[in-house]
Amino acid sequence: AATSTGSRSESAAGASTAGGGGGGVGTATLSGRSLLSAASRPPEATLDMSDTYLGVRGLLAVISTIPLMPRLRRVVFRAAGLDSVTLALLCHACRTLRFLEEFDVSDNPAASSIGGEAVAGLCGRLSSLVEVRVDGVEMIRPTFRKIEARIGANRVRVEELRSRRG
């Protein structure tokens, strides 16, 4: 089983916060119950489907709505019944979320290294993605290392951008 890729760095000085809370002023936390009205509530910040078993058809329906929420910063599908195919589809749906910072698919043991490769691909595509959790996803160590390396590179890029801005 793989472990978390660490915490998200918040400053060049090294202060960090683990995980991250959602919500706050101007954000919407989405759950299975409020998903249908998600596209009409800007700005979206979090899609949290944790511990929500929807079956394959339900997962596909939710995953198909993700591109309609371009301001998502957190996508959380912890213990959501993902397998390798649905995890790969989730990663594909998230590929255009240029503000995505956190991606949590932990505790989905049916998602294997094939799904892990999709996560690694997402990490390589989105430089904004600095926090990935894959605890409880069975994958081979080289796939996990690839995810860690890409997240590390993303963190460096984000810190460089922040230091240039101010």
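The model shown is predicted, which means the values in this text are computed figures rather than measured ones.

J.: Help me understand the state of the cysteines, please; the structure alone is not making it clear to me.
T.: Simply put, disulfide is the name for a covalent bond between the sulfur atoms of two cysteines. Counted under the stated rule, the structure contains zero disulfides. With no disulfide partner, Cys91 has as its closest neighbouring cysteine sulfur the one in Cys94, 6.7 Å distant. Just so you know, Cys123 is unpaired, no disulfide at all, and the nearest cysteine sulfur is the one on Cys91, 7.8 Å from it. With relative accessibility at 0%, the residue Cys123 sits in the buried group.

J.: How should the packing of helix α1 (residues 55-65) against helix α2 (residues 84-94) be read in this particular structure?
T.: Working note: a packed helix pair is described by the angle between its axes plus the distance between those axes. For the pair α1 and α2, the least separation of the axes is 9 Å and the interaxial angle reads 15°. Considering their axes alone, α1 and α2 lie roughly parallel with respect to each other. Crossing angle aside, the handedness with which α1 passes α2 is right-handed. Counting all contacts with α1, which are made through Leu59, Leu60 and Ile63, the residues of α2 involved are Thr86, Leu89, Leu90 and Ala93. Broken down by class, the residue content of the contact of α1 with α2 amounts to six nonpolar, one polar and no charged.

J.: Where do I start with the confidence of the model for the protein in this structure?
T.: Residues shown with low pLDDT carry predicted positions that ought not to be read at fine detail. The pLDDT averaged across the protein works out to 79; a share of 73% of its residues lies at or above 70. The spread of mean pLDDT over the elements of the protein runs between strand β2 (residues 16-17), the lowest at 28, and strand β6 (residues 102-104), the highest at 98.

J.: What am I meant to see in the packing of helix α3 (residues 113-125) against helix α4 (residues 141-165) here?
T.: In the contact formed by α3 and α4, the axes pass within 9 Å of each other and the chain directions differ by 15°. Comparing their axes, α4 and α3 come out roughly parallel. For the element pair α3 and α4, the recorded crossing hand is left-handed. Judged by residue contacts, Ser113, Gly116, Glu117, Val119, Ala120, Gly121, Cys123 and Gly124 of α3 engage Thr143, Lys146, Ile147, Arg150, Ile151 and Asn154 from α4. For the contact of α3 with α4, the class distribution of residues is five nonpolar, six polar and three charged.

Rules and cut-offs
- Residues numbered from 1 in each chain as written.
- Predicted model: local features only at pLDDT ≥ 70, side-chain atom pairs only at ≥ 80, totals over all residues.
- Heavy atoms only, no water.
- Disulfide = S-S within 2.5 Å.
- Buried < 20%, exposed > 50% of the residue type's maximum accessible area, 1.4 Å probe, protein only.
- Axes fitted to C-alpha atoms, helices over the stretch in contact; angles between N-to-C directions.
- Helix = DSSP H or I, 4+ residues; strand = E, 2+ residues; numbered from the N terminus.
- Parallel < 35°, antiparallel > 145°, perpendicular 65-115°, else oblique.
- Left-handed = near helix turned anticlockwise from the far one by under 90°.
- Contact = heavy atoms within 4.5 Å.
- Nonpolar A, V, L, I, M, F, W, Y, C, P; charged D, E, K, R; others polar.
- pLDDT = per-residue confidence, 0-100.

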